[in-house]
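# Report on the structure
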Amino acid sequence: MIRQDATLVLAIADPARARWLRAFSASLGMENLVVVEQAVEERRDRTLFQEIIARHRVPPRQVIARTQHRMALGGRWFLLRAQLDETELQRLPQGAQFVQTIAVPAPGLE
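What this report covers is the structure whose coordinates are included nearby. (Residues numbered from 1 in each chain as written. Predicted model: local features only at pLDDT ≥ 70, side-chain atom pairs only at ≥ 80, totals over all residues. Heavy atoms only, no water.)

### Observations regarding helix α2 (residues 60–67)
Along α2, the residues classified as buried are Pro60, Val63, Ile64 and Thr67. With its buried residues spanning 95° around the axis, α2 presents them on a single face. Looking at the buried side of α2, the elements it contacts are β3 (49–54), β4 (71–79) and α3 (86–90). (Buried < 20%, exposed > 50% of the residue type's maximum accessible area, 1.4 Å probe, protein only. Helix = DSSP H or I, 4+ residues; strand = E, 2+ residues; numbered from the N terminus. Arc of directions from axis to C-beta. Contact = heavy atoms within 4.5 Å.)

Written as structure tokens, this is what we have:
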């Protein structure tokens, strides 16, 4: 997720989570991360993103439907999930392609 060649914009509706992410990214020296205190689907501007990161417990199909209007051509969604059900992958919208799963340890979190 940490790419030095791109600026990552995290749109977070929860102000407490947004503050935590800003502090966390600052502690890691991540200068290419921007945290916006607003859900991506609620943003009023017309900015398109190459990458959208979502940490939702809703099915990927719904995440894509809610944010597709903000995705640039050729963009990618990163879904941070504890687990991903095979049926969720089968229900992806037409044209969406699942690429891979990466296990990332999160000390202190389930």
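### Quick look at the pairing of strand β2 (residues 33–36)
Strand direction decides the pairing type here: strand β1 (residues 8–11) and β2, joined by 4 bridges, are parallel. Following the sheet pairing, leucine 8 is matched in β2 by leucine 33. Running through helix α1 (residues 15–27), the crossover from β1 to the neighbouring parallel element β2 is right-handed. (Pairing = 2+ DSSP bridges. Right-handed = clockwise from strand over helix to strand, strands pointing away.)

### Describing the nonpolar core
Core analysis: the largest hydrophobic core is formed by 9 residues, namely Leu8, Leu10, Ile12, Ala18, Leu21, Met30, Leu33, Val35 and Ile53. Elements supplying a minimum of two residues to this core: β1, α1 and β2. Once residues within four sequence positions are removed from consideration, valine 35 is found in contact with Leu10, Ile12, Ala18, Leu21 and Arg22. (Core = buried A, V, L, I, M, F, W, Y, C linked by side-chain atoms within 4.5 Å.)

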